[in-house]
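Per-entry structural report
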Amino acid sequence: MVSVTPSVALYWDFEHLHAGLCEARQPGAYSQQDNRFKVQEPLVDVAAVVALATALGPLAIHRAYCNWQFFGRYRDVLLHHAVDLVQLFPPGSAAKNGADIRLCLDAVDDVGRFDHIGTVVVVGGDSDFLPLAQKLKAAGRRVVGVGLRQHTNAHWAASCHAFHYYDALVSP
């Protein structure tokens, strides 16, 4: 019998993390429609989050959800880390939760299909991920969350087996 090292699935609510970093720089700036729908400056340290995930095991799934038409400046770093980019076109200017819903559906589907996934890492701070954590735990998977300290729901963080604040991952 061959023993298989459990793999890691890493899912990013990418725009949520980026928006939080924008808001930390200039409060209220990202929420203005003119600022959301323009080319974005790279702020997310992708390598720091990938390092955390790969320390937990081999990376089997690596997906990020976003409206990528405004995030082209992340192209090289995302390609370097072999991120599967899921394009989401919001149905309206105030559309919310599209990435959250798709991420949750994909994560539940993936753990149902792939027994070798032992740990699921979710980068996002929304309380919308609470039911996902419950489903993943019921399926016997370890749940690790990553989010900005100021933009993370405390209940979501507590629902994970482990939670890492992005701020601490990238601090010197």
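The structure we're discussing is the one just above.
Worth saying up front: this structure is predicted, and the values here are computed from it rather than measured.

**Here we look at the overall build of the protein chain**
Counting its secondary structure elements, the protein chain contains eight helices and six strands. Shown N-terminal to C-terminal, the secondary structure of the protein chain runs as helices and strands in the order β-α-α-α-β-α-β-α-β-α-β-α-β-α. On C-alpha atoms alone, the protein chain measures out to a radius of gyration of 16 Å, which is about the 16 Å that the 2.2 N^0.38 rule sets for 172 residues. The dimensions of the protein chain, computed from C-alpha atoms along their principal axes, are 55 × 35 × 30 Å. A buried classification covers 48% of the 172 residues belonging to the protein chain. When the accessible surface of the protein chain is summed, it comes to about 8900 Å², and 54% of that surface belongs to carbon and sulfur atoms. Averaging the locations of the 14 positively and 16 negatively charged side chains of the protein chain gives two centres separated by 2 Å.

**Topic: the pattern of salt bridges**
In this structure the tally under the stated criterion is eight salt bridges. Between D109 and R113 there is a salt bridge, with its nearest N and O atoms 3.3 Å apart. Here the residue D109 and the residue R113 both occupy positions in helix α5 (residues 98–113), the gap between them amounting to four residues, near one helical turn. Accessibility expressed as a relative area gives 39% for D109, which makes it partly exposed.

**Quick look at unusual backbone geometry**
With a phi close to 55°, A82 is a non-glycine residue in the positive phi region. Mapped onto the elements, A82 comes out in the loop between α4 (75–80) and β3 (84–87).

**Comments concerning the pairing of strand β6 (residues 162–165)**
Pairing of strand β5 (residues 142–147) with β6, which is carried by four bridges, proceeds in the parallel orientation. Each residue of the ladder has a partner; that of V146, found in β6, is H164. Crossover connection from β5 via helix α7 (residues 154–159) to parallel β6: handedness right-handed.

Parameters and conventions
- Residues numbered from 1 in each chain as written.
- Predicted model: local features only at pLDDT ≥ 70, side-chain atom pairs only at ≥ 80, totals over all residues.
- Heavy atoms only, no water.
- Helix = DSSP H or I, 4+ residues; strand = E, 2+ residues; numbered from the N terminus.
- Rg over C-alpha atoms; globule rule 2.2 N^0.38 Å.
- Buried < 20%, exposed > 50% of the residue type's maximum accessible area, 1.4 Å probe, protein only.
- Areas by Shrake-Rupley, 256 points an atom, 1.4 Å probe, with all protein chains shown as cover.
- Lys, Arg positive; Asp, Glu negative; His and termini not counted.
- Charge placed at Lys NZ, Arg CZ, Asp CG, Glu CD.
- Salt bridge = Lys/Arg side-chain N within 4 Å of Asp/Glu carboxyl O.
- Pairing = 2+ DSSP bridges.
- Right-handed = clockwise from strand over helix to strand, strands pointing away.

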